[in-house]
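The primary structure of each chain is shown beneath.
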Amino acid sequence: MSLENKEVPAAPTPSDFIRDIVAAHVAENKYPRIHTRFPPEPNGYLHIGHAKSICLNFGIAREFGGVCNLRMDDTNPAKEDIEYVESIQADVNWLISAWADDKLGLKPKGKTPETIAEEGKRDFYLPAVLSTPNAQPATALEPFYASDYFDQIYDYAEQLIEKGKAFVCDLTPEETDEYRRNGKASPFRDRSPAENLNLFQRMKAGEFPDGSRVLRAKITVDAANIWLRDPLLYRIKKTDHHHTGAKWCIYPMYDFAHCLSDYIEGITHSICTLEFEVHRPLYDWILESLSLPRPLPHQYEFARLSLSYTIMSKRKLMQLVDEQLVTGWDDPRMPTISGIRRRGVTPEALRNFAYNIGITKYNGLTDVSVLEFAIRDDLNKRSLRRLAVLRPIKVVITNYPEGKVEELDAVNNPEDENAGKRKIPFARELFIERDDFAEVPPPKFFRLKPGGEVRLKYAYIIKCEEVVKDAAGNLVELRCTADLDSKTGGATSARKVKGTIHWVSAAHAVDAEVRLYDRLFTEAEPEKDGRDFKSVLNPHSLEVITAKLEPSLQEAKPEARYQFERLAYFALDLDSKPGQLVFNRTITLKDAWAKEAHKG
RNA sequence: UGCCCGAUGGUGUAACGGUAGCACAGCAGACUCUGAAUCUGUUUGUCAUGGUUCAAAUCCAUGUCGGGCAACCA
């Protein structure tokens, strides 16, 4: 037996076509270091689809000893905002914490690319600094910003002009569109480099109004791939930018800025979603046309995430927020990272989900049950069990002395011995769950029923002797007797009764607001066949109730996760105040009984 | 319409010319002081047609279906 066989098996390493490519590059020593990046546009909050991308890019950095830069892809000031910059940083930090936070590439605050000489050529480079906890105070570092490269990108544009590979075009947007569609050359295509340079400099100086001129690459006019038909590189937009202020009135287009940003940062693997596949030839053309001295980055594409019962478009999520159909970007019903976090999901659960769904080029629809499984699986292992009654009915144990209180032992987490035990008070008057009693029990109902017995978890076996109703016929209380020897550990405690239910002592229970969240949409594909997603909003996606909790929950902690036994997983909401607890239902427990009952 | 990409059970994924496997979901059962968890078993699959080969999910051709692009958005 070799020693290696005694090693604890390592966590499974993901495998997919992109990691295969990276592994091959590592094997052939193609790059000194693998360098990826996560480049969101700060025009909305990150959602679970971005989480997939974050896990991929940081996962690769982690598995291959590389770095993953966080970069704001902020080349369109009209849509972007500092609020989003801040939320993006918070969400990324949360998702990669204790996993890949030592692979997070940042840069010193305010730093812009250095001008260096590489192989005798002028070159721009902005190296990453790892945000290793002890290295630098966190305040000294910040994410990368594409807008920090506007000077360099402008310089590259002039280089293209000088090489005769770009020209200033005076066509209107509509004309440009038509010419490109028809494969017709712009009448301005053959302006001289000198004239182009002059016009471009004047564009920069603000001499021309928005939309009057653009800088275009001079590639072809009729390539089959539209993105090679003299694509736009720069447009005039007299708008202040959240990061560069009023410095610029021309802004580079995505295609021009992105590949150059990758190059400036020394990115090796530029991973994006499938819709950019047709842009790849342009990505390569720009970099190759500039005769850059350092190794060029390459683009690889994978399928974005689609989830059932979910919409993922930032624009539509913003619509939900703007029209107050949810309470905000971090509403626990939102598929945003901040919403998912507020709901009580842990980063580990989200990462496991990302691992489970894999990476391919196939545009599929992932069933939310895969996400739900990852959440339950994680919460089952970590959550503290508590007794809580969501919809109470009163139970009086008629043979239990008035005024007597017993402190019973309860296990905090059967999945984790180290979680220990706690005490819960038992007394004559209790609350049990409304669903745990049936006056006319359906088949296979093994909870409390008239004349029937059930075990109160950690306490006694009780028998329902009398159902008390008011004049209107509403259930008021249940009068029961307890087998006083049947307490956990007692003489008849081994007696088998089919059902065990949860309960709280009426006198000791703590009231709390509980927010019961459910799916936001009633249809698996909210937008199927062009239907308006707002027409299939689930009217019951949030129900707010006041629940009765066991008293230990008074000391609930925001970072802890709880399972209210037999019901669901919960986490404290940030709206909680001392003495005013608010819990969010993260996800219900699997409910085989509900399924059975539905069979009718 | 042109160009690009894709297609493996209900869903998502693996198999890289040599036994179609895993996860979720489903179903059945065991266990249970959580109708949870756990455990056992199990239904269901290579888009089609040709070709190459001793051998094809895999390579080739054609077709079908699905997705993407054709923004002075990213």
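So, here is what we can say about the structure in this document. (Residues numbered from 1 in each chain as written. Chains lettered and ligands numbered in written order. Predicted model: local features only at pLDDT ≥ 70, side-chain atom pairs only at ≥ 80, totals over all residues. Heavy atoms only, no water.)

**What to know about helix H7 (residues 254-265)**
Count 3.6 residues to each turn of an α-helix, and residues three or four apart come out pointing the same way. Keep this limit in mind: Only runs of H or I of at least four residues qualify as helices and only runs of E of at least two qualify as strands under DSSP, and these elements are numbered from the N terminus. A helix's residues, less one, multiplied by 1.5 Å, set its expected span. We call a residue buried when its accessible area falls under 20% of the maximum for its residue type, exposed when it is over 50%, and partly exposed in between, using a 1.4 Å probe and counting protein chains only.
Under the 1.5 Å per step criterion, the end-to-end length of H7 is 16 Å for twelve residues, consistent within 8% with the ideal 16 Å. Most of H7 sits inside the fold, with eleven of its twelve residues counted as buried. Residues Asp255, Phe256, Ala257, His258, Cys259, Leu260, Ser261, Asp262, Tyr263, Ile264 and Glu265 constitute the buried set of H7. Of the residues trailing H7, glycine 266 is marked for its positive phi of about 75 degrees.

**Digging into the packing of helix H3 (residues 82-96) against helix H11 (residues 347-357)**
How we decide: A fitted line through C-alpha atoms represents every axis, and for helices the fit uses only the stretch in contact; the resulting angles, taken between N-to-C directions, go from 0 to 180 degrees. Oblique is the label for any angle not covered by the other classes, which are roughly parallel (under 35 degrees), roughly antiparallel (over 145) and roughly perpendicular (65 to 115). Any two residues having at least one pair of non-hydrogen atoms within 4.5 Å are treated as being in contact. For this scheme, ten residues count as nonpolar: Ala, Val, Leu, Ile, Met, Phe, Trp, Tyr, Cys and Pro. Four count as charged, namely Asp, Glu, Lys and Arg, and the remainder, Gly too, count as polar.
Close contact between H3 and H11 brings their axes to 8 Å; oriented N to C, the two are set at 80 degrees. As summarised for this structure, H3 and H11 are arranged roughly perpendicular, according to the angle between their axes. Contacts between H3 and H11 pair Trp94, Leu95 and Ile96 from the former with Pro347, Leu350 and Arg351 from the latter. Residues of the contact of H3 with H11, tallied by class, amount to five nonpolar, no polar and one charged.

**What to know about the pattern of salt bridges**
Operational definition: Here, a salt bridge means any side-chain nitrogen of Lys or Arg that lies within 4 Å of a carboxyl oxygen of Asp or Glu.
Under the definition given, this model contains 53 salt bridges. Between aspartate 436 and arginine 447 there is a salt bridge; the shortest N-O distance is 3.1 Å. Here the residue aspartate 436 occupies a position in the loop between strand E20 (429-433) and strand E21 (453-456), and arginine 447 occupies one in the loop between E20 and E21, the gap between them amounting to eleven residues. Residue arginine 447 is classed as buried on the basis of its relative accessible area, which comes to 16%. When salt bridges that share partners are traced, they join Asp330, Arg342, Glu513, Arg515, Asp573 and Asp575 into one network.

**Quick notes on the sheet that holds strand E16 (residues 388-389)**
Test applied: One requirement defines pairing of two strands: DSSP has to find at least two bridges between them.
Spatially, E15-E28-E29-E30-E26-E27-E16 is the arrangement adopted by the seven strands of the open sheet, whose pairing is mixed. Each edge of the open sheet carries a strand with a single partner, namely strand E15 (384-386) and E16. Alignment of strand E28 (residues 562-564) against strand E29 (residues 568-572), held across three bridges, turns out to be antiparallel. Within E29, the position partnered with tyrosine 562 by the bridge is phenylalanine 570. Taken strand by strand, helix H12 (residues 368-382) contacts E15, E29 and strand E30 (582-588), and its axis lies near 120 degrees from that of E30.

**Examining the packing of aromatic side chains**
What counts, and what does not: A pair of Phe, Tyr and Trp rings is counted when the ring centres sit within 6.5 Å of each other, with Trp represented by its six-membered ring. The angle between the planes then sorts it: under 30 degrees is stacked, over 60 is edge-to-face, the rest tilted.
Under the defined criterion, the tally for this structure stands at 20 aromatic pairs. For the pair tyrosine 45 and tyrosine 84, a centre-to-centre distance of 5.9 Å together with 85 degrees between the ring planes defines the contact as edge-to-face. In this pair, tyrosine 45 sits in the loop between strand E1 (35-38) and helix H2 (48-63) while tyrosine 84 sits in helix H3, placing the two residues 39 residues apart along the sequence. Taking relative accessible area as the criterion, tyrosine 84 reaches 11% and is therefore assigned buried.

**Things to note about unusual backbone geometry**
Note: most residues except glycine have negative phi, and most peptide bonds are trans. Phi at lysine 444 takes a positive value of approximately 65 degrees, unusual for a residue other than glycine. Here lysine 444 lies in the loop between E20 and E21. On the basis of relative accessibility, which here comes to 58%, the residue lysine 444 falls in the exposed class. With a phi angle near 70 degrees, arginine 566 is a residue other than glycine that sits in the positive phi range. Mapped onto the elements, arginine 566 comes out in the loop between E28 and E29.

**Observations concerning helix H6 (residues 193-205)**
The first and last C-alpha atoms of H6 sit 18 Å apart over 13 residues, in line with the 18 Å expected at 1.5 Å per residue. Of the positions making up H6, those classed as buried are Asn196, Leu197, Leu199, Phe200 and Met203. At the exit of H6 stands glycine 206, carrying a positive phi of roughly 90 degrees.

**Re the nonpolar core**
As a reminder, the rule being used: Within this scheme, the nonpolar core is defined by two criteria: the residues are buried Ala, Val, Leu, Ile, Met, Phe, Trp, Tyr or Cys, and they are joined through side-chain atoms within 4.5 Å.
Tyr156, Phe200, Leu215, Tyr234, Ile250, Phe256 and Leu260 are the most contacted members of the largest nonpolar core, which totals 45 residues. For this core, the secondary structure elements donating two or more residues are helix H4 (150-162), strand E9 (166-169), H6, strand E10 (214-217), strand E11 (232-236), strand E12 (250-252), H7 and helix H8 (280-289). The biggest single contributor to this core is H4, with seven residues. Counting 41 residues, the second-largest nonpolar core is a separate cluster that includes Ala61, Ile340, Val368 and Ala374.

**Description of the pairing of strand E26 (residues 510-517)**
The side chains of a regular strand alternate between the sheet's two faces. The element E26 is largely enclosed, with a buried count of six among its eight residues. Across eight bridges, the pairing between E26 and strand E27 (residues 542-549) is antiparallel. Residue pairing for E27: leucine 516 is matched across the bridge by glutamate 543. Sheet topology note: the E26/E30 ladder contains three bridges and is parallel. Within E30, the position partnered with valine 514 by the bridge is phenylalanine 583.

**Side note on the protein's contact with RNA strand B**
We count it as follows: If even one non-hydrogen atom of a residue comes within 4 Å of a molecule or strand, that residue is called near it. Counted as a polar contact is a pair of N or O atoms within 3.5 Å, where, for protein atoms, one must be capable of donating a hydrogen and the other of accepting one, and residues adjacent in sequence contribute only when both atoms are in side chains.
The local shell around RNA strand B holds 63 residues, among which Asp177, Trp227, Arg385, Thr488 and Lys595 are the closest. Of what RNA strand B places within 4 Å of the protein, 70% of the atoms are sugar or phosphate. One of the side-chain nitrogen or oxygen atoms of arginine 235 is found 2.8 Å away from a phosphate oxygen of RNA strand B. Backbone polar atom of tryptophan 593 to a sugar or linking oxygen of RNA strand B: 3.3 Å apart, as the coordinates give it. When residues of the surface near RNA strand B are traced back to their parent elements, those giving at least two are helix H5 (173-181), E11, H12 and helix H13 (592-598). Here the surface near RNA strand B takes four residues from H12, the largest share from any one element. Its residues assigned to classes, the surface near RNA strand B comprises 23 nonpolar, 14 polar and 26 charged.

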